[in-house]
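Descriptive structure summary
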Protein chains: 2
Amino acid sequence: MSDVAREAGVSPMTVSNAFKRPEIVLPETRERILSAARRLGYVPNGIAGMLASGRSNLVAVLVPSIRNSSFARTIQGLSDALSEHGFQLLLAVADTADSEFQAVESVLARRPAGIVLTGNEHHPDTVRLLRQSGVPLVETWILSEPILDMAVGFTLGDAAGEMARFLVSRGYRHIGFAGYLPAERSRFLERQRGFQSALRQAGLRDDLIFHADETVGFAGGRLAMTELRAREPRLDALFCVTDIFAVGALFECQRRGIAVPRDFAVAGYGDFEIAAEVVPGLTTVRTRGYEIGRAAASLVVERAAGRATTSRVDVGYELIIRGSA
Amino acid sequence: MSDVAREAGVSPMTVSNAFKRPEIVLPETRERILSAARRLGYVPNGIAGMLASGRSNLVAVLVPSIRNSSFARTIQGLSDALSEHGFQLLLAVADTADSEFQAVESVLARRPAGIVLTGNEHHPDTVRLLRQSGVPLVETWILSEPILDMAVGFTLGDAAGEMARFLVSRGYRHIGFAGYLPAERSRFLERQRGFQSALRQAGLRDDLIFHADETVGFAGGRLAMTELRAREPRLDALFCVTDIFAVGALFECQRRGIAVPRDFAVAGYGDFEIAAEVVPGLTTVRTRGYEIGRAAASLVVERAAGRATTSRVDVGYELIIRGSA
DNA sequence: CTGAAAGCGCTTACAG
DNA sequence: CTGAAAGCGCTTACAG
């Protein structure tokens, strides 16, 4: 910067002003500075700027996985919204309590303007670290307490309950559920509870539950069908916690020659791109991962700008009825 | 840090040493410092550290899209390898020349230890900026010149040619190609050229080419089938530049009642998870996106450590033969 | 509208 | 093994 100042014949702080507050610098001075900067190939050192100003234009996002379409959408939404506001995105993939703690620790060293987390279950040590940092926090994909600071999501259980009622309305009576492990995680459990209570209200069996590890993909649907049909031969529908399981279940029906939706219904969660393309089309809960990302970005940006904001955003969901149920 | 120093009764620089070079500090002094730090909830300010040391543990990655499984794998590989070395990942999604330039500019302000790019085609302005920054650069998913600095990938054309020869060997004679737009982009063109030259060598028609926008998903396969079958009713195979198109083509066959692989073959590129699950299983080129990410991370980390490294890494590919061809 | 001075929180030689 | 001093490249009040 001092090189630019010398080249333009002004002081360093006028150079700084020409970049940060152009309106307070005479147009001709500004022009001289900008052209000097261009000539020298000057790229401002943001590190120094942040240290001096105490402001940061970095937002960190912690996701359990990036391969999951839902989180990929959230990241895309964050990335789009943040770049519109001149913020950058620090990505940390952390799938265990330990790695989450480590990620938070190293992220905090960068003094980000905000941290976007997935879910509301974090190790007490992580929570302590997060809290005392004073950094704005957004938890995503969940809207139930405890919420650390701000949250963007929707009511997971409502969506699952609505889908269960829909399946019942279509005449299915032995409905299974394929969920994720660890089943106690609230992000997963809420869906299961919503499903079960809807079935109970309909006077139906609510214990046809199967759990697969989050690392399992399409195979989850196949495994669920095998196990649940063994437990209940009359099984006539399967609601999956993710479209991936659901599509896997559809493939399995195809292999076994089970007619969908006549003899068996499959419903998913997510409305990933494949849901509209698979044959038959997948009935599913459309979630708004992209909007979650954008909303989370907004909350952080608003907070960084010192503006008061809401701290809860419900992006909603939608039942999408296709051919599979 | 000065608080910690006071609390532990030492100077700030001993605190710094206790963290960065623990071996030169007396064990008992170190212990006193660490416990003081813990007591005060001290989190080192990495920003200040970077400014003072001129070293950065940040690596930026620029991808055209995060929804694409290939890039998601690369990012996962980068993330895993970088966190093992204490580096962090700055993610920028840029799908146009303009946004790439902007992303590079803002990334450079952070003085990263390296920048990982996708492909080898960048706007001249971007190249200039990149070059004069002196930051280590890794281009991924490509191994052909011009390469700015380092590259990790495999020979795209070889893989496509090999698949074309395989289809020919199975007896298919009117083989179409479904590629991405803009077709001139070398990352796309190399595959097409490899495919075409293999067909020509087999004495077959090489002009059954269809292009779809990169934003098109499964629909790409459907569109390719419709258009190419209109142009050549005897079309009996389709090689797709991505498994997504290929699976879309399989779904389309299912809808139209075309028997795969008896009457029609479909081959993909990527070996995404769905390739093994769809019915019939998809014959495809397995690429190593995760390894590309890990290798790119290694190159940057080695360079940051001042160690000499190779500047080209070929991670290879593999033909995976399943039921679709 | 422009500038001299202090300071952000570390690290880096260099002494002791 | 420990510390006083200078400096990384900016920004922030505060003068002029």
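Residues numbered from 1 in each chain as written. Chains lettered and ligands numbered in written order. Predicted model: local features only at pLDDT ≥ 70, side-chain atom pairs only at ≥ 80, totals over all residues. Heavy atoms only, no water.

Per an unreviewed UniProt entry, chain A goes by the name LacI family DNA-binding transcriptional regulator and belongs to Neoroseomonas terrae.

Quick word on the protein's contact with DNA strand D
Test applied: Note on terminology: near, applied to a residue and a molecule or strand, indicates that one of the residue's heavy atoms is within 4 Å of it. Counted as a polar contact is a pair of N or O atoms within 3.5 Å, where, for protein atoms, one must be capable of donating a hydrogen and the other of accepting one, and residues adjacent in sequence contribute only when both atoms are in side chains. Put simply, DSSP marks the helices as runs of H or I at least four residues long and the strands as runs of E at least two long, and each gets a number from the N terminus on.
Taken together, 21 residues are adjacent to DNA strand D, and M1, S16, K20 and R55 of chain A together with T29 of chain B come closest. Between a phosphate oxygen of DNA strand D and a main-chain N or O atom of M1 of chain A, the distance comes to 3.4 Å. S11 of chain B is positioned such that a nitrogen or oxygen atom in its backbone is 2.9 Å from a phosphate oxygen of DNA strand D. Of all the elements in the fold, those that place two or more residues in the surface near DNA strand D are helix 2 (12-20) and helix 4 (46-53) of chain A together with helix 2 (12-20) and helix 4 (46-53) of chain B. In terms of residue count, helix 4 of chain A provides more of the surface near DNA strand D than any other element does, 4 residues in total.

Thoughts on the sheet that holds strand 10 (residues 283-286) of chain B
Residue and element names in this part refer to chain B. Heads up, the condition is: Strand pairing is assigned whenever DSSP detects at least two bridges linking the two strands. Inter-axis angles, ranging from 0 to 180 degrees, are taken between N-to-C directions of lines fitted to C-alpha atoms, where helices are fitted over the stretch in contact. It only takes one pair of heavy atoms within 4.5 Å for two residues to be counted as in contact.
With mixed pairing, 6 strands are arranged side by side in an open sheet as 7-6-8-9-10-12. This sheet does not close on itself; its edge strands, each paired only once, are strand 7 (209-213) and strand 12 (318-320). Strand after strand, the sheet turns through a mean of 20 degrees between neighbouring axes, direction not considered. Note: strand 9 (residues 265-270) against strand 10, 4 bridges, orientation parallel. Bridge assignment links G268 to a residue of strand 10, and that residue is T284. Lying on the sheet, helix 10 (residues 219-231) is in contact with strand 6 (175-181), strand 7 and strand 8 (237-240); it crosses strand 7 at an angle near 150 degrees. The strands touched by helix 11 (residues 243-256) are strand 6, strand 7, strand 8, strand 9 and strand 10; relative to strand 9, the strand with the most contacts, the crossing angle is about 155 degrees.

Re the relation of the copies chain B and chain A
Our working definition: In superposing the copies, a least-squares fit is computed on C-alpha atoms, taking residues whose pLDDT is at least 70 in both.
The two copies are related by a screw operation: chain B maps onto chain A through 180 degrees of rotation and 0.0 Å of translation along the axis, at an RMSD of 0.1 Å. The superposition of one copy onto the other is thereby described by a two-fold rotation axis. Closest to the rotation axis within chain B is the C-alpha of L90 of chain B, separated from it by 2.3 Å.

Some remarks on the interface of chain B and chain A
The extent of an interface is frequently quoted as the accessible surface area lost upon association of the parts. Formally: Defined in terms of a 1.4 Å probe, buried area is the accessible area two parts forfeit on being brought together, summed over both. We define a salt bridge as a side-chain nitrogen of Lys or Arg found within 4 Å of a carboxyl oxygen belonging to Asp or Glu.
Taken together, the contacts link 43 residues of chain B with 43 residues of chain A. Approximately 4,300 Å² of surface area, both sides summed, lies buried where chain B meets chain A, with 57% of it carried by carbon and sulfur atoms. The three residues of chain B that bury the most area against chain A are I47, R110 and E277 of chain B, which together make up 16% of that side's buried surface. Scanning the region where chain B abuts chain A turns up 3 salt bridges. Where R222 of chain B meets E277 of chain A, a salt bridge forms, and the shortest distance between an N and an O atom there is 2.9 Å. Counting across the chain B and chain A interface gives 25 residue pairs in polar contact (both at pLDDT 80 or more). Mapped by element, the contributors of at least two residues to the side of chain B that touches chain A are helix 4, helix 5 (69-84), strand 2 (88-93), helix 6 (97-108), helix 10, helix 11 and helix 12 (273-277) of chain B.

Focus: the environment of I209 of chain B
Residues and elements named next belong to chain B. For clarity, the cut-off: Each residue is placed in one exposure class: buried if its accessible area under a 1.4 Å probe, protein chains only, is under 20% of its type's maximum, exposed if it is over 50%, and partly exposed if it falls in between.
In this structure, I209 sits in strand 7. Judged by its relative accessible area of 13%, I209 is buried. Between the C-alpha atom of I209 and that of R165, which follows or precedes it by 44 residues, the distance is 17 Å. Beyond its immediate sequence surroundings of up to four residues, I209 is in contact with F177, Q192, F195, Q196, L228 and R231.

With respect to helix 2 of chain B
All names here are of chain B. Let me state the cut-off plainly: Note that the arc is computed from the directions linking the helix axis to the C-beta atoms.
Where helix 2 is concerned, the buried positions are V15, N17 and A18. End-on view of helix 2: buried residues confined to an arc of 160 degrees, all on one side of the axis. Exposed positions of helix 2 whose direction lies more than 90 degrees from the buried face are M13 and K20. On its buried face, helix 2 sits against helix 1 (2-8) and helix 3 (27-40).

A few points about helix 11 (residues 243-256) of chain A
For the α-helix, the turn length of 3.6 residues means that residues three or four positions removed from each other point alike. All names here are of chain A. Applied cut-off: To estimate how far a helix should reach, multiply one less than its number of residues by 1.5 Å.
Its 14 residues give helix 11 an end-to-end C-alpha distance of 20 Å, which sits within 8% of 20 Å, the value for a rise of 1.5 Å per residue. Summarising burial for helix 11: 10 of the 14 residues are buried, a large majority. Along helix 11, the residues that are buried comprise D243, F245, A246, V247, G248, A249, L250, F251, E252 and C253. At the N-terminal boundary of helix 11, the capping side chain belongs to T242, with an oxygen 3.1 Å from the backbone nitrogen of I244. G257, located one to two residues past helix 11, shows a positive phi value of around 70 degrees.

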